[in-house]
Number of protein chains: 2
Amino acid sequence: MRYPIICALLFVSLNSFGQRPPRLSSPDVRADKSITFRYYAPEADSVTLSGEFMDAPLLLTKDSSGIWSITVPPVKPDIYPYSFRVDGVLTADPNNTHIFANERFKRSIVDIPGENPLIHSLKDVPHGKITYELYNSSTLDTTRTVLVYTPPGYDPTGSQKYPVLYLIHGGSDTEETWTKVGNANLIADNLIEAGKAKHMLIVMPYANVRPHPRKAFTDDMINDIIPFIESNYLVYTDSDNRAIAGFSVGGGQTLNIGLMNTDKFAYIASYAPYTSTEEFRENFTDWKPDADVINRQVKLFTISVGEEDFLYESVLENIAMFEEADVKLESYIVPGGHTWMNCKKYLATTLKQFFQD
Amino acid sequence: MRYPIICALLFVSLNSFGQRPPRLSSPDVRADKSITFRYYAPEADSVTLSGEFMDAPLLLTKDSSGIWSITVPPVKPDIYPYSFRVDGVLTADPNNTHIFANERFKRSIVDIPGENPLIHSLKDVPHGKITYELYNSSTLDTTRTVLVYTPPGYDPTGSQKYPVLYLIHGGSDTEETWTKVGNANLIADNLIEAGKAKHMLIVMPYANVRPHPRKAFTDDMINDIIPFIESNYLVYTDSDNRAIAGFSVGGGQTLNIGLMNTDKFAYIASYAPYTSTEEFRENFTDWKPDADVINRQVKLFTISVGEEDFLYESVLENIAMFEEADVKLESYIVPGGHTWMNCKKYLATTLKQFFQD
């Protein structure tokens with residue numbers, strides 16, 4: 001037998017633990033945009049709800065069948081992460097199939113539709129597609145996944161070439177977070193259909209490189225990802241047709257990759273950047289930029305942040321540093337925190353600016 | 001303010017509940033293929049581990065810091081689903097980024113590598129890619145996702161056409177389960193490189209159609225998915241170049257779609273089919289098949305099942321029914337249960353048979 005006797009003593013009867021939990025309706029979004037959340041935990045002492053649509057956790061109420069529930073008042077239309085905390089332990093909603101793509105946090109997402117479709121909604125417009133490619137990273141000596149959004153009408157048999165946005169996720173996110181949480185493909189579909197964004201490719205790499213030092217991603221981007229895309233897709237290869245953007249840790253990577261390679265990227269958009277990294281210090285502390293070169297090569301340099309973002313003060317310092325160095329930049333300061341609600345807003349705003357000159 | 005006073009009374013202090021759980025190494029696969037699982041739950045009374053590499057749940061042991069753990073003896077190389085049950089409630093492993101793609105069950109997956117790479121392993125061979133397409137389903141009056149694997153060397157600008165396998169997931173799985181749990185793309189990459197499978201497309205639709213009756217998927221496949229693929233990819237459109245396969249509920253759908261449309265599919269492979277459905281009864285109860293027509297049109301009809309599969313007896317009855325009707329079929333009976341370990345085996349076996357005549 002495969003298990004030693006000592007393990008057999010630890011077997012737990014399937015009778016007491018083997019039953020399936022009931023299938024609950026959660027989250028239950030009503031027409032008035034109030035939401036009921038439910039969680040089955042007959043033996044728990046406390047179940048709370050945390051959600052980015054509210055300021056502090058709320059305690060759920062248990063009924064006699066072991067189902068905890070709570071209804072929150074109407075919520076502003078958007079896509080929000082939320083999670084339960086069961087006896088102190090965070091968990092996603094087991095009844096919700098929409099999971100927040102992240103390596104660390106187990107959260108679910110709830111989509112509150114607007115009266116009119118929001119910019120990130122699935123609308124009846126022509127759709128691009130997302131291709132999952134495996135590429136060999138010589139930098140990291142491994143095979144990695146990269147997602148490639150091609151816009152509606154992209155025709156590999158044609159001669160039309162496109163510009164490319166390289167779009168980087170946050171620190172513990174994955175290469176799927178921009179599409180599965182940020183709806184980047186649907187935002188692009190909708191803006192392209194409305195004539196507000198150019199037809200472009202959006203390349204979404206996996207930017208976590210542990211156990212390598214974080215700056216190895218810069219080499220992976222420059223030496224592996226960009227050449228892979230440019231040899232496999234119909235894209236322009238001059239800097240005027242390359243943009244780079246990213247959120248949080250990815251926003252810091254955007255500054256490092258973009259500003260140190262202004263011969264390669266004419267559009268640089270950093271969303272709520274996290275810049276407390278060795279790479280950022282090496283690149284920019286006591287850095288004496290040739291602002292003239294940057295300002296000549298870069299057509300758009302923008303930094304976005306929310307006023308309640310925990311990185312707000314740090315981002316303001318970044319902006320001040322670049323402005324003192326006479327680097328031209330636009331800052332985009334909005335309400336809200338370090339959230340994917342704001343990410344979608346940053347992306348929608350800058351997608352309209354890329355490749356417009 | 002957004003929340004009424006009555007809700008404010010329910011706020012729970014962030015001090016007691018807001019801290020992040022520690023990041024644990026789980027699962028921790030050792031060189032000898034033993035595995036340690038860890039789960040943080042200081043307030044739980046019991047944490048058990050269920051895994052398809054063992055027969056019954058095992059109780060974990062809690063240390064003084066609230067971390068539960070258990071080490072299981074060496075496990076046969078494969079990819080296995082597992083989950084924790086915390087005070088009776090099933091949950092995935094919060095420290096594992098590999099989640100079993102499923103709408104109902106929250107499980108994680110653990111990959112035990114072999115001494116030599118297994119057929120589903122990522123190897124240094126040419127890779128196909130997976131494209132996520134949105135298509136309009138006239139049958140279901142909505143926009144749905146379909147995944148399309150194109151083999152290494154697929155060139156949309158060329159003239160080479162390919163055969164197509166339509167591959168259906170299990171009942172509560174999603175369109176991603178065949179790639180994210182079944183590694184269907186890597187199995188195809190490896191078999192193609194070894195010259196054991198033909199270069200082919202593999203189309204993986206989303207086959208759950210609630211609230212529509214289950215048989216609406218048959219119409220979606222015939223009237224929407226196949227025409228979408230055939231108008232967007234370089235594929236042959238005769239029945240000799242179409243195969244259909246599926247697991248569990250998808251194995252039942254395979255029988256319904258395939259055998260009722262033998263003018264469209266020359267290869268039909270049903271893996272551990274679930275056939276207790278109205279559609280199956282309507283199609284096959286008291287059915288008087290024209291075995292001659294089927295046997296003439298179908299080049300391969302195969303049904304696979306594991307000897308410990310909970311559907312084993314039912315599948316044997318299905319096989320007997322078709323054999324009594326003089327329908328030619330191959331049965332592929334292997335050890336094991338109703339699992340994705342067996343799914344990969346069924347797929348690898350039949351991929352070598354499709355389009356070989």
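Residues numbered from 1 in each chain as written. Chains lettered and ligands numbered in written order. Predicted model: local features only at pLDDT ≥ 70, side-chain atom pairs only at ≥ 80, totals over all residues.

## As for the sheet that holds strand β2 (residues 35-40) of chain B
Residue and element names in this part refer to chain B. As a reminder of what qualifies: If DSSP finds at least two bridges between two strands, the strands pair. Secondary structure follows DSSP: runs of H or I at least 4 residues long count as helices, runs of E at least 2 residues long count as strands, and numbering of each begins at the N terminus.
Pairing within the open sheet is antiparallel, and its 4 strands lie in the order β1-β2-β6-β5. The strands lining the two open edges of the sheet, one partner per strand, are β1 (28-29) and β5 (61-62). Pairing of β5 with strand β6 (residues 67-72) involves 2 bridges; the strand directions are antiparallel. Looking at the pairing, lysine 62 lines up with tryptophan 68 of β6.

## Some words on the packing of helix α4 (residues 184-193) of chain A against helix α10 (residues 340-351) of chain A
Residue and element names in this part refer to chain A. Inclusion rule: The axes are straight lines fitted to the C-alpha atoms, using for helices just the contacting stretch, and the angles between their N-to-C directions are given from 0 to 180°. Handedness of a helix crossing follows the sense of rotation of the near helix relative to the far helix, less than a right angle counterclockwise being left-handed and clockwise being right-handed. A pair of residues counts as a contact when their C-beta atoms, built from backbone coordinates, are separated by no more than 7 Å. Put simply, Ala, Val, Leu, Ile, Met, Phe, Trp, Tyr, Cys and Pro go in the nonpolar bin, Asp, Glu, Lys and Arg in the charged bin, and everything else, Gly too, in the polar bin.
Running from N to C, α4 and α10 point in directions that differ by 35°, and their axes come no closer than 10 Å. Where α4 crosses over α10, the two elements pack in a sense that is right-handed. On α10, the residues touching Ala184, Ile187, Ala188 and Leu191 of α4 are Lys344, Leu347, Ala348 and Leu351. Looking at the contact of α4 with α10, its residues break down into 7 nonpolar, no polar and 1 charged.

## Topic: the sheet that holds strand β5 (residues 61-62) of chain A
Residues and elements named next belong to chain A. The 4 strands lie next to each other as β1-β2-β6-β5, forming an open sheet whose pairing is antiparallel. Both outer strands of the open sheet, β1 (28-29) and β5, are each paired with one neighbouring strand and no more. The sheet contact formed by strand β2 (residues 35-40) and strand β6 (residues 67-72) spans 6 bridges and is antiparallel. Looking across to β6, one finds that threonine 36 is bridged to threonine 71.

## Overview of the domain arrangement of chain A
Residues and elements named next belong to chain A. Worth spelling out the cut-off: Note that the domain bounds were set by an automatic or database domain assignment.
Domain boundaries assigned for chain A yield domain 1 (24-112) and domain 2 (129-351). Distance between the C-alpha centres of domain 1 and domain 2: 32 Å. Across the boundary between the two partners, domain 1 contributes 12 residues, which contact 10 residues of domain 2. By residue number, the principal contributor to the side of domain 1 that touches domain 2 is strand β7 (residues 78-86), which donates 4 residues. A per-class count over the side of domain 1 that touches domain 2 returns 7 nonpolar, 1 polar and 4 charged.

## What to know about unusual backbone geometry
Residue and element names in this part refer to chain B. Residues serine 26 and proline 27 are joined by a peptide bond in cis, for which omega reads -5°. Within the secondary structure layout, proline 27 lies in the loop between α2 (14-17) and β1. The peptide bond linking arginine 210 to proline 211 adopts the cis configuration, its omega dihedral lying at 5°. By the secondary structure assignment, proline 211 is in the loop between β13 (201-205) and α5 (216-232). The residue lysine 33 is not glycine, and still its phi comes out positive at about 75°. Looking at the element boundaries, lysine 33 is found in the loop between β1 and β2. With a phi close to 45°, alanine 272 is a non-glycine residue in the positive phi region. Structurally, alanine 272 can be placed in the loop between β15 (267-271) and α7 (278-284).

## Things to note about helix α9 (residues 312-324) of chain A
Residue and element names in this part refer to chain A. The following threshold applies: Helix span, as expected, comes to 1.5 Å for every residue beyond the first. Backbone-placed C-beta atoms define the burial measure: a residue is buried with 20 or more other C-beta atoms within 10 Å of its own, exposed with 12 or fewer, and partly exposed in between. Picture the helix axis, draw a direction to every C-beta atom, and the arc is the one those directions span.
Across its 13 residues, α9 extends 18 Å between first and last C-alpha, which sits within 8% of the 18 Å expected from 1.5 Å per residue. Among the residues making up α9, those that are buried are Val315, Asn318 and Phe322. When α9 is viewed along its axis, its buried side chains cluster within an angular range of 55° and face the same direction. Counted as exposed and oriented over 90 degrees from the buried face of α9: Glu313, Glu317, Ala320, Glu323 and Glu324. Summarising the contacts, the buried residues of α9 are in contact with β16 (300-306). Immediately beyond the C-terminal end of α9, within one or two residues, lies aspartate 326, with a positive phi of roughly 65°.

## Concerning the pairing of strand β17 (residues 330-334) of chain B
All names here are of chain B. Just so we agree on the cut-off: Call a crossover right-handed when, viewed with both strands pointing away from you, the route from the first strand across the helix to the second goes clockwise.
With 5 bridges connecting them, strand β16 (residues 300-306) and β17 associate as parallel partners. When the bridges of β17 are listed, valine 305 appears paired with isoleucine 333. Crossover β16 to β17 through helix α9 (residues 312-324) is right-handed.

## Here we look at the environment of Thr285(A)
Relative to the helices and strands, Thr285(A) resides in the loop between α7 (278-284) and α8 (291-297). Distance from Thr285(A) to Gly336(A), taken between C-alpha atoms, is 29 Å for residues 51 residues apart in sequence.

## A word on the confidence of the model for chain A
Residue and element names in this part refer to chain A. Applicable threshold: As a per-residue measure, pLDDT tells how confident the predictor is, with possible values from 0 to 100.
Per-residue confidence for chain A averages 92 on the pLDDT scale, and 94% of its residues sit at or above 70. Ignoring residues within four places in sequence, the model shows residues 1-18, a span with pLDDT below 50, making 20 contacts including any to other chains. In the model output, the complex is listed with pTM 0.90 alongside ipTM 0.86.

## Side note on the pairing of strand β10 (residues 129-137) of chain A
Pairing analysis gives 9 bridges linking β10(A) to strand β11 (residues 142-150) of chain A, with the strands arranged antiparallel. The residue bridging Glu133(A) from the neighbouring strand is Val146(A), located in β11(A). Taking the residues that link successive antiparallel strands as the turn, the β10(A)-β11(A) hairpin has 4 residues, and the phi of Asp141(A) there is positive, at about 55°. Sheet topology note: the β10(A)/strand β10 (residues 129-137) of chain B ladder contains 3 bridges and is antiparallel. Each bridged residue has a counterpart across the sheet, and for Tyr132(A) the counterpart in β10(B) is Ile130(B).

## With respect to helix α4 (residues 184-193) of chain B
Residues and elements named next belong to chain B. Most of α4 is tucked away: 8 of the 10 residues are buried. Along α4, the residues that are buried comprise Ala184, Asn185, Leu186, Ile187, Ala188, Asp189, Asn190 and Ile192. Where the residues of α4 are buried, they touch β10, β11 (142-150), β12 (164-168), α3 (177-180), β13 and α10 (340-351). Looking at the residues trailing α4, positive phi occurs at glycine 195, about 75°.

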